[in-house]
Amino acid sequence: MSTAAEKIAAVRANIRARDPEQKEFLQAVDEVFESLTPVFEKDPKYLEAFERLVEPERQIVFRVPWIDDNGVQQVNRGFRVQMSSALGPYKGGLRFHPTVNLSVIKFLAFEQTFKNSLTTLMMGAGKGGMDFNPRGRSDREVMAVCQSFMTELYRHIGADVDVPAGDINVGAREIGYLFGQYKRIANNFTGVLTGKDLRWGGSLIRPEATGYGCVYFAQNYLKYKGESMKGKRCVISGSGNVAQYTAEKLLQLGAVPITFSDSNGYVLEPNGFTQEQINHVMELKNVKRVRISEYCAFSQTAQYFPGKKPWEVPADLAFPSATQNEIDQEDADTLVANGVKGVFEGANMPSTNEAIEVYKKANVMFGPAKAANAGGVAVSGLEMAQNSQRLQWTREEVDSHLERIMKDIFDNSLAAAQAYGLKDDIQAGANIAGFLKVADSMLHQGCV
């Protein structure tokens, strides 16, 4: 008879052998697998559930043809991975980016499973998108792409089936075009997407939710350590939605956000960004859609560092809010050397596994993405609830729910880590707490 260790090793080998080329997906699986090993050793039934969980319930790949402004045909590839419906309808964003492939979407859907579980709301998990680069494209071209994408996707989604949302390069404009095409084809006005405009079914606080939630999570971790946000100098990567509202909430809580970045470099405000300056970043990125370097024309105190990452700036806390694997081992070493005491992930899996090891060896507080950036999907879930009620809650109601959910996520992650003798390893605790809720539901529902 095989030992528990042999069974665990066999399952892990089978997962790697099935999709050896999917490095992003396997990285995500490996990170979770390490945390869950004590769970598998204690009760082997959970290993069987995990073996099912890593195989998506459904993977949809389709072509997205459209005509550009020059009358030339373009063809992109669309994806939707419906990972798990054990806790509710599939739920997760759509990403439009040239790096999108099946491995990336599977990794995101896998991470989404744990994140959605942690929110305490009844949501399954999915993720989707296409390998389209919107940079330099006109509004008409973006509309054409969105309409073509939804012309196929619509048959696979629904308010009680699968509810997509936005992600990288899918904001209010794209959600509007996608929703309009769905309504046109399905002849049905329903809450099939979240991140909608307030005038037709959206929720207050939804644009702010991921950034605000990440800061609330950090606030809970600091409180547990006997500290506060006040006066903490914070480096932020990215300059999109998550980074913008992370900075805004940090400012509201008395912290000092000092950087924004994009793929070309980063901008530093040595004395911290004011609300007026954050508003200008929002205008540059959300309205004018230009590079962050343009910010320096607005501020006499700003410094721009082309081709650099913000991790070289001395700070107290770091909020990686751009994209996956943006912090490698060398970057993590730099953060630690510069005095950073906490890393809270606003982006999805922005730290490599090697970087995470650096954090742990240095006793850096670490808020993993599946816990720290769950605020976005939490408010998406609240938007779904409002759509079902045909009501719109006040800003204060939504923000209060968000703050409570992020506290619950921290508390549940900490409790799970301690229950398995892992002290305050929030990364392991988040994986365990998120997994057990999904796994128990899968076991109750049978081998499906």
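The rules we used
Residues numbered from 1 in each chain as written. Predicted model: local features only at pLDDT ≥ 70, side-chain atom pairs only at ≥ 80, totals over all residues. Heavy atoms only, no water. Salt bridge = Lys/Arg side-chain N within 4 Å of Asp/Glu carboxyl O. Helix = DSSP H or I, 4+ residues; strand = E, 2+ residues; numbered from the N terminus. Buried < 20%, exposed > 50% of the residue type's maximum accessible area, 1.4 Å probe, protein only. Lys, Arg positive; Asp, Glu negative; His and termini not counted. Contact = heavy atoms within 4.5 Å. Pairing = 2+ DSSP bridges. 1 Å grid on protein atoms, 1.4 Å probe; cavity = no way out; pocket = protein on both sides within 12 Å on 5 of 7 lines; lining within 4 Å. Points joined across faces, edges and corners; volume = space filled by probe spheres on them. Nonpolar A, V, L, I, M, F, W, Y, C, P; charged D, E, K, R; others polar. Expected span 1.5 Å × (residues − 1). Arc of directions from axis to C-beta. Phe/Tyr/Trp six-rings, centres within 6.5 Å; stacked < 30°, edge-to-face > 60°. Lys NZ or Arg CZ within 6 Å of the ring centre and 35° of its normal. Axes fitted to C-alpha atoms, helices over the stretch in contact; angles between N-to-C directions. Parallel < 35°, antiparallel > 145°, perpendicular 65-115°, else oblique. Left-handed = near helix turned anticlockwise from the far one by under 90°.

Further remarks concern the pattern of salt bridges. Going through the model one piece at a time under the given rule, you end up with 28 salt bridges. With its nearest N and O atoms 2.6 Å apart, the salt bridge here joins Asp162 to Arg80. Residue Asp162 is found in strand β5 (residues 162-165), and its partner Arg80 is found in strand β2 (residues 73-84); the two are separated by 82 residues along the sequence. Pair check on accessibility: Asp162 and Arg80 agree, each one buried. Each of the salt bridges in this network shares a partner with another, and the network as a whole consists of Arg12, Arg16, Asp30 and Glu34.

Take the side chain of Lys115 next. Within the secondary structure, Lys115 sits in helix α4 (residues 102-118). No salt bridge is formed by the buried Lys115. Its closest oppositely charged neighbour is Glu111, at 6.5 Å. Every residue in contact with Lys115, bar those within four places of it in the chain, is listed here: Asn348, Ala369, Lys370, Asn373, Ala374 and Val377.

A few words on the sheet that holds strand β6 (residues 233-236). Taking strand neighbours across the sheet as the criterion, the 5 strands line up as β7-β6-β11-β12-β13 in an open arrangement whose pairing is parallel. The strands lining the two open edges of the sheet, one partner per strand, are β7 (256-257) and β13 (365-367). Where strand β11 (residues 317-319) and strand β12 (residues 342-344) come together, 2 bridges link them in parallel fashion. Its bridge partner lying in β12, Ala318 is registered against Val343.

On to empty space enclosed by the protein. Inspection of the entire model under this criterion finds 2 cavities of 30 Å³ or more. Glu31, Glu111, Glu345, Met349, Ser351, Asn353, Ile356, Phe366, Pro368, Ala369, Lys370 and Gln427 together form the lining of the largest cavity. Those elements that provide at least two residues to the lining of the largest cavity are α11 (353-361) and α12 (369-372). Among the residues forming the lining of the largest cavity, the class breakdown is 5 nonpolar, 3 polar and 4 charged. Taken as a whole, the second largest cavity spans an internal volume of roughly 30 Å³. Here the lining of the second largest cavity is built from residues that sort into 5 nonpolar, 3 polar and no charged.

Time to look at helix α1 (residues 4-18). For α1, built from 15 residues, the straight-helix expectation of 21 Å at 1.5 Å per residue is met to within 8% by its first-to-last C-alpha distance of 21 Å. The complete set of buried residues in α1 reads Ile8, Val11 and Ile15. Down the axis of α1, the smallest arc covering the buried residues is 65°, so these residues share one side. Exposed positions of α1 whose direction lies more than 90 degrees from the buried face are Ala5 and Ala17. On its buried face, α1 sits against α2 (23-42) and α3 (45-53).

For the structure on display, the rule yields 27 aromatic pairs. When the centroid spacing of 6.3 Å and the interplanar angle of 80° are considered together, the rings of Phe96 and Phe132 count as edge-to-face. In this pair, Phe96 is assigned in strand β3 (residues 90-96) and Phe132 in the loop between β4 (125-130) and α5 (139-153), connecting sequence segments 36 residues apart. Judged by its relative accessible area of 1%, Phe96 is buried. Considering the side-chain rings of Tyr359 and Phe366, the 5.3 Å spacing of their centres and the 45° angle between planes classify their relative orientation as tilted. Sitting over the ring of Phe25, Lys106 keeps its end group 4.2 Å from the ring centre.

Taken N-terminus to C-terminus, the directions of α5 and helix α6 (residues 172-186) make an angle of 45°; their axes are 8 Å apart at the nearest point. By the criterion of interaxial angle, the relationship of α5 to α6 is oblique. Both α5 and α6 take part in a crossing whose hand is right-handed. Side by side, α5 and α6 meet where Asp139, Val142, Met143, Cys146, Gln147, Phe149, Met150 and Thr151 of the first sit next to Arg173, Glu174, Tyr177, Leu178, Gln181, Tyr182 and Ile185 of the second. For the contact of α5 with α6, a count of residues per class yields 9 nonpolar, 3 polar and 3 charged.

It is worth spelling out the pairing of strand β8 (residues 259-262) at this point. In regular strands, side chains alternate between the two faces of the sheet. Of the two faces of β8, the one carrying Thr259 and Ser261 and the one carrying Phe260 and Asp262 are both buried. In this sheet, strand β9 (residues 265-268) lies alongside β8 in antiparallel orientation, the contact comprising 4 bridges. For Ser261, the partnering residue across the bridge sits in β9 and is Tyr266.

Spatially, the 3 strands line up as an open sheet ordered β8-β9-β10, and their pairing is antiparallel. Looking at which strands have only one partner, the edges of the open sheet turn out to be β8 and β10 (303-306). Across this sheet, the average inter-strand angle for adjacent strands is 15°, counted without regard to direction.

Right, let's talk about the packing of helix α10 (residues 329-337) against α11 for a bit. For the pair α10 and α11, the least separation of the axes is 7 Å and the interaxial angle reads 25°. Judged on the interaxial angle alone, α11 and α10 are roughly parallel. Two packed elements cross with a definite hand, and for α10 against α11 that hand is right-handed. Residues Gln329, Ala332, Asp333, Leu335 and Val336 of α10 pack against Glu354, Ala355, Val358 and Tyr359 of α11. Residue composition of the contact of α10 with α11, grouped by class: 6 nonpolar, 1 polar and 2 charged.

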